[in-house]
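Close look at the chain arrangement
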Amino acid sequence: MEISKVIVPAAGLGTRFLPATKVIPKEMLPLLHKPIIQYTLEEAVRSGIEDIFWVVNSKKKSIEEHFDYISEEFLETFRSDKKEHLTYLNKIVEKVKFAYVRQHEARGLGHAIWSARHVIGNKHFGIMLPDDVFIGQNPALAQLIKIASQERASVIAIQEVPLSHTPRYGIINIKKQLSPNLFQIRDVIEKPSQTEAPSNLAIMGRYILSPRIFDALEESTVGVLGEVQLTDAIQKLLLSGEKIFGYKIQGTHRYDVGTPLEWMKSNIMLSLRHPAYNQEILQFLNEIDREFTVIESKAIQFSKQRNT
Ligand code: G1P
């Protein structure tokens, strides 16, 4: 099964990050020294993707600009040690074709994917949500492509989460376990409460889906949060008898950058795993750990002053 196209929805309003995202798209916020969206691109390219369709809106021009090819002439204006990051970006950009699709209204993830229906054709394709960053030797999307080809079916990335986190995710109900990491899915449910959740296996933002998803999205009405949910359309495919698998991505770390708190944690975790930063960050964390009691009492004092 050849999977060469992905849709990357990047037209969200980024309201959780306001005011940082008043002008700057959420996807352009940094994760260490790169914008979030660059990690998505790098993973797609390393997974052998040939066409990326970015779903955007009028506020996302800086994403397009970030991926503009930089001419040799312009590169020469940078000092050589600064140039390498841009040369690297050029190299990745060269390897893939881009197109931008407009989502005219912010009606949710399902609607964003549906907005790109005309560019996909009749083959299985990938979806990558930039809020989930996977970093590791073996790219997450490549792992899903392998499973999809092996099973000749749709496959979704899943990961165990604490039960109290199920209201943040789509959750799967298992039909059959095929191997330690591979499951056939019976149902999917978007953002169930802890008591409604059929498992603690959550959908992570990588999917390989059959193009039949567009028919399911076509008929979709709004679901939880008043949005057209991709999960609801996947549930329709399951009900129509389509086989869909869940696969636990192996050997990668996943960073959630979808909320300010998780984004901050991700920056810290990733810096601790990055050879250029880990020693100094670790040293810094040790220092502040020692001073923590002082900092904590100062922080409390400060917030009291602000509230008066
Ligand atoms: C989306 C999906 C959800 C999935 C999650 C993964 O939710 O709707 O099923 O579990 O991404 O990050 P969102 O984070 O957009 O609310």
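To be clear, the structure that these remarks concern was listed above.
In this text the structure is predicted, and so the values were computed from the model without any measurement.

Turning our eyes to something else, we now look at the layout of surface pockets. Here the largest pocket is characterised by a volume of approximately 1100 Å³. Forming the boundary of the largest pocket are 37 residues, of which Arg 16, Lys 26, Asp 131, Lys 191 and Glu 227 lie nearest the centre. Counting residues per element, the ones that place at least two in the lining of the largest pocket are α5 (109-114), β11 (201-209) and β13 (252-256). In terms of residue count, β11 provides more of the lining of the largest pocket than any other element does, 4 residues in total. Classifying every residue of the lining of the largest pocket by side-chain character gives 14 nonpolar, 11 polar and 12 charged. Its boundaries defined by the atoms lining it, the second largest pocket holds a volume of some 610 Å³. Along the walls of the second largest pocket sit 28 residues, with Lys 34, Tyr 39, Glu 42, Ile 135 and His 274 positioned nearest its centre.

Turning to a positive patch on the surface, a few remarks are in order. A cluster of basic residues, Lys 175, Lys 176, Arg 186 and Lys 243, forms a positive patch on the protein surface. Inspection of the secondary structure assignment puts Lys 176 in strand β9 (residues 170-179). Taking the relative accessible area as the measure of exposure, Lys 176 reaches 46% and is therefore partly exposed.

Our focus in this paragraph is the packing of aromatic side chains. For the structure shown, the criterion picks out 7 aromatic pairs. Measuring from ring centre to ring centre gives 6.4 Å for Phe 98 and Tyr 100, while their planes differ by 90°; the resulting arrangement is edge-to-face. Given the relative accessible area of 29%, Tyr 100 is considered partly exposed. Considering the side-chain rings of Phe 125 and Phe 214, the 5.3 Å spacing of their centres and the 15° angle between planes classify their relative orientation as stacked. One end of the pair, Phe 125, is in strand β6 (residues 125-128); the other, Phe 214, is in helix α7 (residues 213-218), with 89 residues separating them in the sequence. The residues Phe 125 and Phe 214 share a single accessibility class, namely buried. Grouped by ring-pair contacts, the aromatic residues Trp 54, Phe 67, Phe 98 and Tyr 100 constitute a single cluster. Directly above the ring of Tyr 39 sits Lys 34, whose terminal nitrogen or CZ lies 4.9 Å from the centroid. Above the plane of the ring of Trp 114 lies Arg 117, whose end atom (NZ or CZ) is 3.7 Å from the centre.

Here the focus is the side chain of Glu 190. Take Glu 190: it is sitting in strand β10 (residues 182-190). Here the side chain of Glu 190 touches Lys 191 through a polar contact of 2.7 Å, side chain to side chain. For Glu 190, the side chain forms a polar contact with the side chain of Thr 231, separated by 2.5 Å. Ignoring anything within four residues of it in the chain, the contact list for Glu 190 reads Tyr 169, Gly 170, Val 224, Gln 229, Thr 231 and Asp 232.

Leu 41 and Ile 52 are the most contacted members of the largest nonpolar core, which totals 41 residues. Mapped onto this core, the elements with two or more residues apiece are β1 (5-9), α1 (36-46), β4 (51-56), α4 (80-94), α6 (140-151), β8 (154-160), β11 and β12 (244-248). By residue number, the principal contributor to this core is α6, which donates 6 residues. Those residues within four positions of Leu 41 in sequence are excluded, and the remaining contacts are Ile 52, Trp 54, Phe 67, Leu 89, Ile 92, Val 93, Val 96 and Phe 98. Of all hydrophobic cores here, the second largest spans 34 residues; its members include Ala 11, Phe 125, Val 228 and Ala 233.

Turning to the environment of Pro 9, a few remarks are in order. Take Pro 9: it is sitting in strand β1. Assessed through its relative accessible area of 11%, Pro 9 is described here as buried. Taking the C-alpha atoms as reference points, Pro 9 and Phe 302, separated by 293 residues in sequence, lie 39 Å from one another. Among residues more than four places away in sequence, those in contact with Pro 9 are Val 55, Leu 109, Ala 112, Ile 113, Ile 127, Met 128, Leu 129 and Pro 130.

Thresholds, definitions, all that
- Residues numbered from 1 in each chain as written.
- Predicted model: local features only at pLDDT ≥ 70, side-chain atom pairs only at ≥ 80, totals over all residues.
- Heavy atoms only, no water.
- 1 Å grid on protein atoms, 1.4 Å probe; cavity = no way out; pocket = protein on both sides within 12 Å on 5 of 7 lines; lining within 4 Å.
- Points joined across faces, edges and corners; volume = space filled by probe spheres on them.
- Helix = DSSP H or I, 4+ residues; strand = E, 2+ residues; numbered from the N terminus.
- Nonpolar A, V, L, I, M, F, W, Y, C, P; charged D, E, K, R; others polar.
- Patch = residues over 30% accessible without salt bridge, like charges linked within 9 Å, V, L, I, M, F, W, Y side chains within 5 Å.
- Areas by Shrake-Rupley, 256 points an atom, 1.4 Å probe, with all protein chains shown as cover.
- Salt bridge = Lys/Arg side-chain N within 4 Å of Asp/Glu carboxyl O.
- Lys, Arg positive; Asp, Glu negative; His and termini not counted.
- Charge placed at Lys NZ, Arg CZ, Asp CG, Glu CD.
- Buried < 20%, exposed > 50% of the residue type's maximum accessible area, 1.4 Å probe, protein only.
- Phe/Tyr/Trp six-rings, centres within 6.5 Å; stacked < 30°, edge-to-face > 60°.
- Lys NZ or Arg CZ within 6 Å of the ring centre and 35° of its normal.
- Polar contact = N/O pair within 3.5 Å; in protein donor to acceptor, adjacent residues only side chain to side chain.
- Contact = heavy atoms within 4.5 Å.
- Core = buried A, V, L, I, M, F, W, Y, C linked by side-chain atoms within 4.5 Å.

The analysis is restricted to geometry; functional conclusions fall outside its scope.
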